[in-house]
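Architecture and fold: a report
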Protein chains: 2
Amino acid sequence: MAGHTVKSYDRELDTIERLIAEMGGVAEKMVVDAVDALAGANKGLAQQVVAADLRLDGLQRETEELAVLTIARRQPMAVDLRELIGAIRVAGDLERVGDLAKNIAKRAIKISAESRIPRAILGLRHMNEVATELLKDALDAYAQRNVERARAAWERDIDLDTLEDSVFRDLLTHMMEDPRNISLCAHLLFCSKNIERIGDHATNIAETVVYLVTGEAMPSERPRGRRVTDVDHDVAEART
Amino acid sequence: MAGHTVKSYDRELDTIERLIAEMGGVAEKMVVDAVDALAGANKGLAQQVVAADLRLDGLQRETEELAVLTIARRQPMAVDLRELIGAIRVAGDLERVGDLAKNIAKRAIKISAESRIPRAILGLRHMNEVATELLKDALDAYAQRNVERARAAWERDIDLDTLEDSVFRDLLTHMMEDPRNISLCAHLLFCSKNIERIGDHATNIAETVVYLVTGEAMPSERPRGRRVTDVDHDVAEART
């Protein structure tokens, strides 16, 4: 990012870079903590996740404002403009990852009194490990402006979809076995959808890396024909 | 939007304006059709919604590219820059509204063979009327750059949340009454969440109108303490 004639321009780009790295750190921790809080019925940890979201929102606003201000002030062309548009997009995706983690944490608070957390929670934990890894890979690809790494992360979103199929089936079975499980499992259904969407935002970040390095969009269809944030292929096989 | 020294700049802004109006029309129709397809078990209509999403995605890419190109070419300041950033945001929200309508349509296809659509579908229809109206109001506020109208739409997102509470409770009751309802109602739970999120994107559009006219963000907390796309306050009261 060095080499601009105007030194303060470089400083602005560096600040934006640092803000996004900070957002990435906060978001990753929120995702891990939210599912830990859910699985361990840990109300305190869940409340920390909810609180962290305010900080993430603040960082996003700061990033976006600085990026817009930099575009207006420096009037960048081509690759520099893509850098700034890319930063706005990545910050937006990370803000939404935080929202999704907060949703999970809020459900964790609601069900923290529940004594019978079903076996399907293991599937949720596994999904979350995949989502966290995907997010980390996408953020690394962004930090390194590494297109190959971004493409690899993009492809791996499939794993998460397969896992969600299986969690969905588990939860439905559990609901059918005993109506007393229905309310709890309805919460967990939404949690698994939230985790899947965290993976989708990681995939968006990977797409942004490709865009800002090459100037090109990824093919409009994701693996398995998905491009949207929460396509519902997952339930087709799960109907009983 | 007139009055710029460069005529072709005005033409670019007009084109962006027209693209967003077109996106709004497509998105509104998709939302209405998706829930009609769901309630009427109309597979053909649902497939039209899925097809329309491709067009909406194309329009979004076109809008975004033109806005970025215009920023790079014309190097606009202050209000003009906000216009272009605002256009990118609104196009992004409309694209996601389309994704959510597509999700509902895909579920409509899956459950079209189902003969016993539960009474809760009436609640879903009502939710969708409110969401559609909200979207229309937000888009009108955008077309007119009308801050008062935008603020009014923003406030009304509450209605939709209250309705979702009630639909959620209905669906859970229905699941508990008969385990054979569980799979179908799980689909409808996700549909009601999708409709709620359509309302959230309409609210985002209203926020963008305020930003692009005044340069200010809305307060960070929405009515009922919500800022995110799908906070789950709705289930707190519904647990049984």
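Scroll up for the structure.
None of these values were measured; they are calculated from a predicted model.

As a further point, take the pattern of salt bridges. Where charged atoms from two side chains of opposite charge come close, those side chains can pair. Applying the stated rule across the entire model yields 32 salt bridges over all chains. Residues Arg89 of chain B and Glu64 of chain A are paired through a salt bridge, measuring 2.4 Å at the closest nitrogen-oxygen approach. Of the two residues, Arg89 of chain B is situated in helix H3 (residues 78-110) and Glu64 of chain A in helix H2 (residues 43-74); the pairing between them involves two chains. On the basis of relative accessible area, Arg89 of chain B is assigned to the partly exposed category, the value being 25%. Between Glu22 of chain B and Arg55 of chain B there is a salt bridge, with its nearest N and O atoms 2.8 Å apart. Within this pair, whereas Glu22 of chain B is found in helix H1 (residues 7-39), its partner Arg55 of chain B is found in helix H2 (residues 43-74), the two being separated by 33 residues in sequence. When salt bridges with common partners are traced through the structure, they connect Glu133, Lys136, Asp137, Asp140, Arg149 and Arg156 of chain A into a single cluster.

Further remarks concern helix H5 (residues 147-155) of chain A. Residues lying three or four places apart along an α-helix face the same way, a consequence of the helix completing one turn every 3.6 residues. Residue and element names in this part refer to chain A. Taken together, the buried positions of H5 are Val147, Ala150, Ala153 and Trp154. Projected down its long axis, H5 carries its buried residues within an arc of 120 degrees, all on one side. Tucked into the core, H5 has its buried residues touching helix H4 (120-144), helix H6 (157-177) and helix H7 (182-214). The N-cap residue of H5 is Asn146: its side-chain oxygen and the backbone nitrogen of Glu148 are 3.1 Å apart.

Our focus in this paragraph is the packing of aromatic side chains. Taken as a whole, this structure holds 3 aromatic pairs over all chains when the rule is applied. When the centroid spacing of 5.4 Å and the interplanar angle of 70 degrees are considered together, the rings of Phe190 of chain A and Phe190 of chain B count as edge-to-face. Of this pair, Phe190 of chain A sits in helix H7 while Phe190 of chain B sits in helix H7 (residues 182-214), which puts the two residues in different chains. Taking the relative accessible area as the measure of exposure, Phe190 of chain A reaches 5% and is therefore buried. By the ring-pair criterion, three or more aromatic residues cluster together here, those being Phe168 and Phe190 of chain A together with Phe168 and Phe190 of chain B.

The next thing to look at is unusual backbone geometry. Residues and elements named next belong to chain A. Backbone geometry places Ala41, a non-glycine residue, at a positive phi of 50 degrees. Along the chain, the position of Ala41 falls in the loop between helix H1 (7-39) and H2. Taking the relative accessible area as the measure of exposure, Ala41 reaches 31% and is therefore partly exposed. Positive phi is not limited to glycine here, since Arg145 has a value of about 50 degrees. Within the fold, Arg145 resides in the loop between H4 and H5.

A few words now on the packing of H3 of chain B against H7 of chain B. Two packed helices can be described by the angle between their axes and the distance between those axes. Where H3 of chain B meets H7 of chain B, the closest approach of the two axes is 9 Å, and the angle between their N-to-C directions is 170 degrees. Put simply, H3 of chain B runs roughly antiparallel to H7 of chain B.

Along the sequence, Arg89 of chain A and Asn204 of chain A sit 115 residues apart, while their C-alpha atoms lie 8.6 Å from each other. Ignoring sequence-local partners within four residues, the contact set of Arg89 of chain A consists of Thr208 and Tyr211 of chain A together with Glu64 of chain B.

A few words on H1 of chain B. In this model H1 of chain B runs 49 Å from its N-terminal to its C-terminal C-alpha over 33 residues, within 8% of the 48 Å that 1.5 Å per residue would give. Where H1 of chain B ends, the next residue or the one after it, Ala41 of chain B, has phi of about 50 degrees, a positive value.

Before going further, it helps to spend a moment on the environment of Ala27 of chain B. All names here are of chain B. Considering the arrangement of structural elements, one finds Ala27 in helix H1. The exposure class assigned to Ala27 is buried, which follows from its relative accessible area of 0%. As a C-alpha pair, Ala27 and Thr132 span 105 residues in sequence and 9.6 Å in three-dimensional space. Contact partners of Ala27, with chain neighbours within four places excluded, come to Leu56, Leu94 and Val97.

Rules behind the numbers
Residues numbered from 1 in each chain as written. Chains lettered and ligands numbered in written order. Predicted model: local features only at pLDDT ≥ 70, side-chain atom pairs only at ≥ 80, totals over all residues. Heavy atoms only, no water. Salt bridge = Lys/Arg side-chain N within 4 Å of Asp/Glu carboxyl O. Helix = DSSP H or I, 4+ residues; strand = E, 2+ residues; numbered from the N terminus. Buried < 20%, exposed > 50% of the residue type's maximum accessible area, 1.4 Å probe, protein only. Arc of directions from axis to C-beta. Contact = heavy atoms within 4.5 Å. Polar contact = N/O pair within 3.5 Å; in protein donor to acceptor, adjacent residues only side chain to side chain. Phe/Tyr/Trp six-rings, centres within 6.5 Å; stacked < 30°, edge-to-face > 60°. Axes fitted to C-alpha atoms, helices over the stretch in contact; angles between N-to-C directions. Parallel < 35°, antiparallel > 145°, perpendicular 65-115°, else oblique. Expected span 1.5 Å × (residues − 1).

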